[in-house]
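Report on the structure
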Amino acid sequence: MSIIQVSNLKKSFGTLEVLKDINAEIQEKEVVCVIGPSGSGKSTFLRCLNKLEDITDGQVIIRGQDITDPKININKVRQDIGMVFQSFNLFPHMTVLENVTLAPIKVRSVSKAVSNEKGMELLAKVGLKEKANSYPGELSGGQKQRVAIARALAMNPKIMLFDEPTSALDPEMVGEVLEVMKQLAQEGMTMVVVTHEMGFAREVGDRVLFMDGGYIVEENVPSELFGNPQHDRTKSFLSKVL
Amino acid sequence: MDAISKAMPYLLEGLQVTVYIFIASLILGLIIGLIMALLRLSPVKPLNWIAKIYIDAIRGTPILVQLFFIYFGLNSFEWISMDKTTAGIVTVGLNAGAYFAEIIRAGIQSIDKGQTEAARSLGLTGSQNMRFIVLPQAVRRMLPTFTNQAIISLKDTSLLSIIGIADLTQQGEVATSATFEAFKIWFVVGVIYFILIYLLSLLANFLERRFELR
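Residues numbered from 1 in each chain as written. Chains lettered and ligands numbered in written order. Predicted model: local features only at pLDDT ≥ 70, side-chain atom pairs only at ≥ 80, totals over all residues. Heavy atoms only, no water.

1. Let's talk about the sheet that holds strand β4 (residues 57–62) of chain A
All names here are of chain A. Ordered by their spatial adjacency, four strands build an open sheet running β2-β1-β4-β5, and the pairing between neighbours is antiparallel. The sheet is open, and its two borders are formed by β2 (16–26) and β5 (65–66), each paired with just one other strand. Taken together, the two bridges between β4 and β5 define a ladder with antiparallel strand orientation. Across the sheet, Ile-61 pairs through a bridge with Asp-66, a residue of β5. (Pairing = 2+ DSSP bridges. Helix = DSSP H or I, 4+ residues; strand = E, 2+ residues; numbered from the N terminus.)

Here it is, written out as structure tokens:
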């Protein structure tokens, strides 16, 4: 069974219909990249997967649980879905290590000692062990985003969502973040990545969804989608970005 | 000098009452302010209205009227009996609470929504997000305006002398009628208030540095 199943998902902000009819299935360990012009609904789609956006209509089933069911405990569902934001959203009043260990301690009630140990491991993994006691304000953009990834991983998520993780970065810092994401993909993490990094989508993605105007217009393995796009809208988008 | 040294014991007694009433009403005001701020931000409309009505009613009326309403008005009911001090604390506390509510609301709203999104995406509940993420950051931003309101409330306590609370101002009155040295006594009373407020702002500066965002 697929780990994420989306059927007839619709999302409106007031009268503005952003997602019109989204159907998608994502398998365990799959890396799915979502591309498309701005305003196409990519980020909204991603944010519906952990219900950061209220879902107007349709179904989103995460690991067998329909998260549109009002009876479901969404906090519980979110514990297993990590999310990385374009603007990092680190907690500025906490050290790097505290950022990483907050959720395990408060949400999963893991002891401080155990969380710290795990937190240091994760910081080592993203190459920032020596920054454990720094504050987010002292880090570069690339370092912040790597901390944000470590923070999400600290909850041992089954799925990781990335919302344009490199869009707010200076060009020379994009690589270090993509490198961490690539490593994560190789370890078998299920990932949904909204991105403008076509190189990443092509190299790391198992599948690419092209969105436009609130629909998934086309989806395929990267080589096909980039090499042999079927729809005119896909073609015109790719001709502009590649 | 003689008048002042004669008056000093009275004034210091009054100072104690002023400090006690100030601290008690500050705590009361903070609790009310936090609750009202959260009601004001709540998505539940009726809760919103309660907070809005409360804040508007307090801001729209003079504190002296509030004091008379609470001490004379409410006390006229048989089932309520407040002594002067309680009525004083309740008045200044309720009054400060309305202003604190607006300060806290503005502080909370000034925190970037991304902070809440990050916290919620990690599985934190709404109240955990408030407690660990939003409020600690908001408090830092609120401190300067918060200090202002605390100083205003401290000065407001001098109005309580009107209902006969033996605070610093009331004791100044007593000392003046005993010594007939109005100039000296009120000058000293002013200096004592000034020192109190100065100490308060030193404390606020210290707290601001401690909570400084890195």
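2. Focus: the UniProt feature "domain: ABC transmembrane type-1" (unreviewed entry) in chain B
On the UniProt side, "domain: ABC transmembrane type-1" (unreviewed entry) is annotated at positions that read residues 15–204 of chain B here. In the segment residues 15–204 of chain B, helix accounts for 81% and strand for 0%; the C-alpha atoms at its two ends are 20 Å apart. (UniProt positions renumbered as here; feature names shortened; annotations may be inferred.)

3. Regarding the pattern of salt bridges
Taken as a whole and assessed by the stated rule, the structure comprises 15 salt bridges over all chains. Where Lys-125 of chain A meets Glu-187 of chain A, a salt bridge forms, and the shortest distance between an N and an O atom there is 2.6 Å. Placement of the pair is Lys-125 of chain A in helix α4 (residues 112–125) and Glu-187 of chain A in the loop between α6 (171–186) and β8 (190–194), with a sequence separation of 62 residues. Residue Glu-187 of chain A is classed as partly exposed on the basis of its relative accessible area, which comes to 46%. Put simply, Glu-102 of chain B and Arg-59 of chain B hold a salt bridge, and the shortest N to O gap is 3.8 Å. With Glu-102 of chain B in helix α4 (residues 84–109) and Arg-59 of chain B in helix α2 (residues 45–59), this pair connects stretches of sequence that are 43 residues apart. (Salt bridge = Lys/Arg side-chain N within 4 Å of Asp/Glu carboxyl O. Buried < 20%, exposed > 50% of the residue type's maximum accessible area, 1.4 Å probe, protein only.)

4. Notes on α6 of chain A
All names here are of chain A. For α6, which comprises 16 residues, the first-to-last C-alpha distance of 24 Å matches the rise-based estimate of 22 Å (1.5 Å per residue) to within 8%. Where α6 is concerned, the buried positions are Met-173, Val-174, Val-177, Leu-178, Val-180, Met-181, Leu-184 and Ala-185. The buried residues of α6 occupy an angular sector of 155° when projected down its axis, which confines them to one face. Those residues of α6 that are exposed and aimed more than 90 degrees away from the buried face are Glu-172 and Gln-186. Each element contacted by the buried residues of α6 is listed here: β3 (31–35), α4, α5 (141–153), β7 (159–163), β8 and α7 (198–204). (Expected span 1.5 Å × (residues − 1). Arc of directions from axis to C-beta. Contact = heavy atoms within 4.5 Å.)

5. Focus on a nonpolar patch on the surface
On the surface, a cluster of nonpolar side chains totalling about 890 Å² of accessible area is made up of Phe-183, Phe-187, Val-191, Phe-194, Ile-195, Tyr-198, Leu-199 and Leu-202 of chain B. Its location among the elements puts Phe-194 of chain B in helix α8 (residues 182–210). (Patch = residues over 30% accessible without salt bridge, like charges linked within 9 Å, V, L, I, M, F, W, Y side chains within 5 Å. Areas by Shrake-Rupley, 256 points an atom, 1.4 Å probe, with all protein chains shown as cover.)

6. Section: the packing of aromatic side chains
One pair of aromatic rings is described through two measures. These are the centre distance and the angle between the planes. What the rule picks out here adds up to seven aromatic pairs over all chains. Look at Phe-210 of chain A and Phe-237 of chain A: their rings are 5.2 Å apart centre to centre, the planes differ by 40°, and that puts the pair in the tilted class. Residue Phe-210 of chain A is located in strand β9 (residues 207–212), and its partner Phe-237 of chain A is located in helix α9 (residues 232–241); the two are separated by 27 residues in the primary sequence. Of the two residues examined, Phe-210 of chain A and Phe-237 of chain A, each falls in the buried class. Ring pairs connect the aromatic residues Phe-68, Tyr-71 and Phe-72 of chain B, which therefore count as one cluster. Sitting over the ring of Phe-13 of chain A, Lys-11 of chain A keeps its end group 4.7 Å from the ring centre. In this arrangement the basic side chain of Arg-151 of chain A is found over the ring face of Phe-91 of chain A, its NZ or CZ atom lying 4.5 Å from the centre. (Phe/Tyr/Trp six-rings, centres within 6.5 Å; stacked < 30°, edge-to-face > 60°. Lys NZ or Arg CZ within 6 Å of the ring centre and 35° of its normal.)

7. Let's talk about the UniProt feature "domain: ABC transporter" (unreviewed entry) in chain A
When the UniProt feature table is mapped to this numbering, "domain: ABC transporter" (unreviewed entry) covers residues 4–238 of chain A. Within the segment residues 4–238 of chain A, helix and strand shares are 37% and 26% respectively, and the terminal C-alpha atoms sit 27 Å apart.

8. Considerations on empty space enclosed by the protein
Gaps left between atoms are located by rolling a probe of water-molecule size over the structure's atoms. Residues and elements named next belong to chain B. Summed over the entire model, instances satisfying the criterion amount to one cavity of 30 Å³ or more. Lining the largest cavity are Ile-63, Leu-64, Leu-67, Thr-91, Val-92, Asp-156, Leu-159 and Leu-160. Of all the secondary-structure elements, those providing two or more residues to the lining of the largest cavity are α3 (63–73) and α4. Considering each element in turn, the lining of the largest cavity owes the most residues, three residues, to α3. Considering only residue class, the lining of the largest cavity consists of six nonpolar, one polar and one charged. (1 Å grid on protein atoms, 1.4 Å probe; cavity = no way out; pocket = protein on both sides within 12 Å on 5 of 7 lines; lining within 4 Å. Points joined across faces, edges and corners; volume = space filled by probe spheres on them. Nonpolar A, V, L, I, M, F, W, Y, C, P; charged D, E, K, R; others polar.)

9. Thoughts on the layout of surface pockets
Quantified by volume, the largest pocket comes out at close to 750 Å³. If you trace the largest pocket, you find 23 residues lining it, with Lys-113, Thr-116, Arg-120, Asn-129 and Met-130 of chain B closest to the centre. Taken together, the elements giving at least two residues each to the lining of the largest pocket come down to α2 (74–79) of chain A together with α1 (2–41), α4, α5 (113–121) and α6 (126–156) of chain B. Residue composition of the lining of the largest pocket, by class: nine nonpolar, five polar and nine charged. Within this model, the second largest pocket holds a volume of roughly 480 Å³. Lining of the second largest pocket is provided by 17 residues; of these, Leu-26, Leu-30, Leu-143, Phe-146 and Leu-207 of chain B occupy positions nearest its centre. Here the lining of the second largest pocket gets seven residues from one element, more than from any other, and that element is α6 of chain B. Partitioning the lining of the second largest pocket into residue classes produces 16 nonpolar, one polar and no charged.

10. Regarding the packing of helix α7 (residues 168–179) of chain B against α8 of chain B
All names here are of chain B. Following both chains from N to C, one finds α7 and α8 inclined at 160°, their axes separated by 9 Å at the closest point. With respect to their mutual orientation, α7 and α8 come out roughly antiparallel. Crossing of α7 against α8: the hand is right-handed. Every residue of α8 that contacts α7 at Leu-168, Thr-169, Gly-172, Glu-173, Ala-175, Thr-176 and Thr-179 is listed here: Ala-182, Ile-185, Trp-186, Val-189, Ile-192 and Tyr-193. Residues belonging to the contact of α7 with α8 are distributed by class as follows: eight nonpolar, four polar and one charged. (Axes fitted to C-alpha atoms, helices over the stretch in contact; angles between N-to-C directions. Parallel < 35°, antiparallel > 145°, perpendicular 65-115°, else oblique. Left-handed = near helix turned anticlockwise from the far one by under 90°.)

11. A closer look at the sheet that holds β8 of chain A
Residues and elements named next belong to chain A. Pairing is mixed in the open sheet, where six strands are placed in the order β6-β7-β8-β3-β9-β10. Strand pairing shows two members of the sheet lacking a second neighbour, β6 (81–84) and β10 (215–220), which therefore form its edges. This sheet shows a mean twist of 20° between the axes of neighbouring strands, independent of strand direction. Pairing between β3 and β9: four bridges, direction parallel. What sits directly across from Ile-35, in β9, is Phe-210. Sheet strands touched by α5: β6 and β7. Its angle to β6, the strand with the most contacts, is close to 170°.

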